[in-house]
Amino acid sequence: MGMFCYQCQETAKNEGCTVRGVCGKSPEVAMLQDLLIWTLKGISWWGINGRGMGVSDSRTNLFVAEALFATITNANFDDERFVSLIQESIELRDALKQRAQAACESLHGKPCFHALPEAATWHPENWEQSTLLAKAARVGIMADPDLDEDIRSLREMLVIGLKGMAAYLDHAYVLDHHNEDVLTFLQEGLLATINDNLSVEDMVGWVVRCGKMGAKAMALLDEANTNTYGHPEPTDVRTGVVPGKAILISGHDLRDLHDLLEQTRGTGINVYTHGEMLPAHAYPAFKEYDNLIGNYGGSWWHQASEFESFGGAILMTTNCLIKPRDSYVDRLFTTGMAGWPGVTHIANRVKGGQKDFSAVIAAARAAGEPVQIEDGLIPIGYAHNTVVSNAGAVLDAVQAGAVKRFVVMAGCDARSKSRDYYTQVAQALPEDTIILTAGCAKYRYNKLNLGKIGPFPRVLDAGQCNDSYSLVVIAMKLAEALGLDDVNDLPISYDIAWYEQKAVIVLLALLALGVKKIRLGPTLPAFASPNVRKVLVEQFGLMTTDGVEEDVAAMMRGE
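In this text, all values refer to a predicted model and were calculated from it rather than measured experimentally.

### Re the side chain of T73
- With respect to the helices, strands and loops of the structure, T73 is situated in the loop between α2 (58–70) and α3 (79–108).
- The buried category is assigned to T73, whose relative accessible area is 4%.

### Some words on the pattern of salt bridges
- With the rule as written, the count across this model stands at 21 salt bridges.
- A salt bridge links E233 to K287, with the shortest nitrogen-to-oxygen separation between them at 3.0 Å. On the criterion of sequence distance, the pair formed by E233 in the loop between α7 (200–229) and β1 (235–238) and K287 in the loop between β3 (270–273) and β4 (292–295) is long-range, its members being 54 residues apart.
- Here D551 ties to R519 by a salt bridge, and the two come within 3.6 Å at their closest N and O atoms. Of this pair, D551 sits in helix α17 (residues 548–556) while R519 sits in strand β15 (residues 518–521), and the two are 32 residues apart along the sequence. As far as burial versus exposure is concerned, D551 and R519 are alike and both buried.
- A network of salt bridges, in which partner residues are shared, links D256, D259, R349 and K355.

### A look at the nonpolar core
- Counting 186 residues, the largest nonpolar core has M165 and L186 as its most contacted members.
- Among the elements that take part in this core, helix α5 (residues 149–174) stands out by supplying 14 residues, more than any other.
- Those residues in contact with L186 that lie beyond four places of it in its chain are V64, A65, L68, L162, M165, A166 and L169.
- Residues V407, Y422, L429 and I435 belong to the second largest nonpolar core, which totals 16 residues.

### Regarding the pairing of β1
- Of the two faces of β1, the one holding T235 and V237 is buried and the one holding D236 and R238 is not buried anywhere.
- Of the strand pairs in this sheet, β1 and strand β8 (residues 377–380) are connected by four bridges, and their pairing is antiparallel. Bridge pairing links D236 to P379 in β8.

### Overview of the sheet that holds strand β16 (residues 543–544)
- Taking strand neighbours across the sheet as the criterion, the six strands line up as β13-β10-β9-β14-β15-β16 in an open arrangement whose pairing is parallel. Two strands in the sheet have a free side with no partner beyond their single neighbour: β13 (459–461) and β16.
- Sitting on the sheet, helix α13 (residues 420–428) touches β10 (433–437), β14 (492–497) and β15, and the angle it makes with β14 is about 155°.

### A look at the packing of aromatic side chains
- Per the stated rule, a full pass over the model turns up 18 aromatic pairs.
- Ring geometry for F307 against Y328: centres 5.6 Å apart, planes inclined by 80°, an arrangement best described as edge-to-face. With F307 in helix α9 (residues 303–310) and Y328 in the loop between β5 (313–316) and β6 (332–335), the pair connects residues that are 21 residues apart, well separated along the chain.
- Overall, Y328 belongs to the buried group, its relative accessible area being 0%.
- An aromatic cluster is defined as three or more aromatic residues linked by ring pairs; in this entry it consists of F4, Y6, W498 and F527.
- Sitting over the face of the ring of W206, R209 holds its NZ or CZ atom 4.2 Å from the ring centroid.

### Overview of the sheet that holds β3
- What the six strands build is an open sheet, ordered β4-β3-β2-β5-β6-β7; its pairing is parallel. Bordering the open sheet on either side are β4 and β7 (344–346), each of which pairs with just one other strand. On average, each strand axis in the sheet is tilted by 25° relative to the strand beside it, whichever way the strands run.

Rules used in this analysis
- Residues numbered from 1 in each chain as written.
- Predicted model: local features only at pLDDT ≥ 70, side-chain atom pairs only at ≥ 80, totals over all residues.
- Heavy atoms only, no water.
- Helix = DSSP H or I, 4+ residues; strand = E, 2+ residues; numbered from the N terminus.
- Buried < 20%, exposed > 50% of the residue type's maximum accessible area, 1.4 Å probe, protein only.
- Salt bridge = Lys/Arg side-chain N within 4 Å of Asp/Glu carboxyl O.
- Core = buried A, V, L, I, M, F, W, Y, C linked by side-chain atoms within 4.5 Å.
- Contact = heavy atoms within 4.5 Å.
- Pairing = 2+ DSSP bridges.
- Axes fitted to C-alpha atoms, helices over the stretch in contact; angles between N-to-C directions.
- Phe/Tyr/Trp six-rings, centres within 6.5 Å; stacked < 30°, edge-to-face > 60°.
- Lys NZ or Arg CZ within 6 Å of the ring centre and 35° of its normal.

Any link to function would need more than the numbers given here.
Right, here's the structure in full:
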């Protein structure tokens with residue numbers, strides 16, 4: 001069949017996009033992404049079987065993570081880039097295959113790989129897009145109409161979790177922090193999705209393992225960020241503008257921001273963050289740059305109007321890209337795994353060097369200046385190191401009754417009107433509650449004047465979506481300080497918003513770590529079949545969001 005995609009929360013009718021992605025993804029790109037993932041399963045076959053004979057390749061292993069990252073929602077819309085990635089995938093697979101076969105024959109004196117899956121051997125007749133699309137139609141999500149619905153659901157849940165994990169691994173590896181066990185798990189997980197001998201129970205086990213590995217990936221990225229740039233500190237970030245030429249940087253890649261700040265230092269060009277780059281202001285290393293001015297705008301889905309009014313050059317470092325308007329497309333740049341057809345792409349850095357952002361800087365010089373759209377301060381920097389180092393004050397507030405409950409409202413923002421729910425919940429929570437947040441979901445309430453409890457703002461922002469790991473650390477440390485054996489005994493409720501695959505791996509990590517009674521909204525994932533949803537509810541205590549009044553009352557009761 002043709003396009004079918006249901007990896008994000010906005011998927012059409014909460015069933016699946018079959019004509020064009022709600023995100024703007026074309027059918028061609030969707031199908032090429034399916035084919036790329038299928039070829040990664042072929043790499044994984046040789047990668048896992050080759051390891052048993054001492055055969056591995058670090059470049060191929062990292063490529064699997066990078067290619068998965070390219071397929072997440074709102075990252076890359078460029079069909080030509082996906083053709084190139086598919087070609088590279090097959091070339092890397094074949095090189096690994098050749099080494100594995102040679103090692104096998106050397107050990108056993110004869111060929112020892114038989115009954116290979118097609119993904120491990122397939123070659124296109126040519127690299128024409130039409131040829132690749134014809135194959136993609138036969139290997140996509142819904143290509144096998146006879147596949148058990150629950151097996152399909154769990155396979156796709158696993159792939160989607162692996163995509164989110166891959167994004168976090170890519171950011172960590174960019175900062176030279178490695179975990180080969182987690183990187184290997186990407187291939188093990190992909191290989192599990194083409195193993196017809198695995199039962200529903202087996203696949204549930206793989207999904208749980210994915211969550212556990214996701215927690216390790218987030219811990220690795222936390223270590224990478226904090227070792228490189230220091231632990232985030234409480235910081236008030238300016239939302240206004242100052243006169244001067246400017247560059248707006250969006251996405252998640254802190255090293256890209258670092259390179260850009262270095263290259264614009266002393267040039268008179270100001271740098272503003274946007275979206276998920278807001279948390280960068282809390283890192284001590286970035287506070288050294290007086291050319292880092294503040295944050296401009298809100299979450300990703302506002303970018304069309306905000307990029308237009310910004311007036312300067314814009315750099316998109318990761319996902320959260322939407323179709324650009326003609327008014328700013330010529331001053332928009334992508335880098336890393338992000339991409340849009342016709343938009344100038346900045347190449348990867350040479351090992352040990354910086355990316356070359358001279359084209360972005362030149363565009364900023366030729367462009368206009370930012371138009372102010374708001375003027376205020378956003379408090380950030382409440383990651384685990386800050387909160388845990390102030391654990392005494394937090395515990396005193398809990399024991400004195402000043403804080404009755406913590407509510408974790410992490411995750412993603414998106415366009416649907418139903419997401420007003422999260423703003424309304426934040427406003428409806430009693431004044432003796434503290435909101436723990438991470439990810440772009442915070443833009444629904446981080447500019448509200450919700451006041452403070454003692455020295456703490458009522459919205460404690462841990463950072464980007466991957467910094468949801470901080471919220472787990474905080475919960476575990478609080479439980480330890482209070483002498484509790486189970487984090488579920490803490491006065492903490494979870495009201496999570498999801499949109500794309502990085503939020504899915506955060507959810508799977510929380511479930512794998514034993515966190516119960518998580519509310520998830522605005523809808524449950526379309527890729528979860530009715531039986532799989534039942535497992536999530538009965539085995540893991542997952543709940544759907546309901547009305548604001550009902551949910552707030554239930555959370556305050558600890559339900």
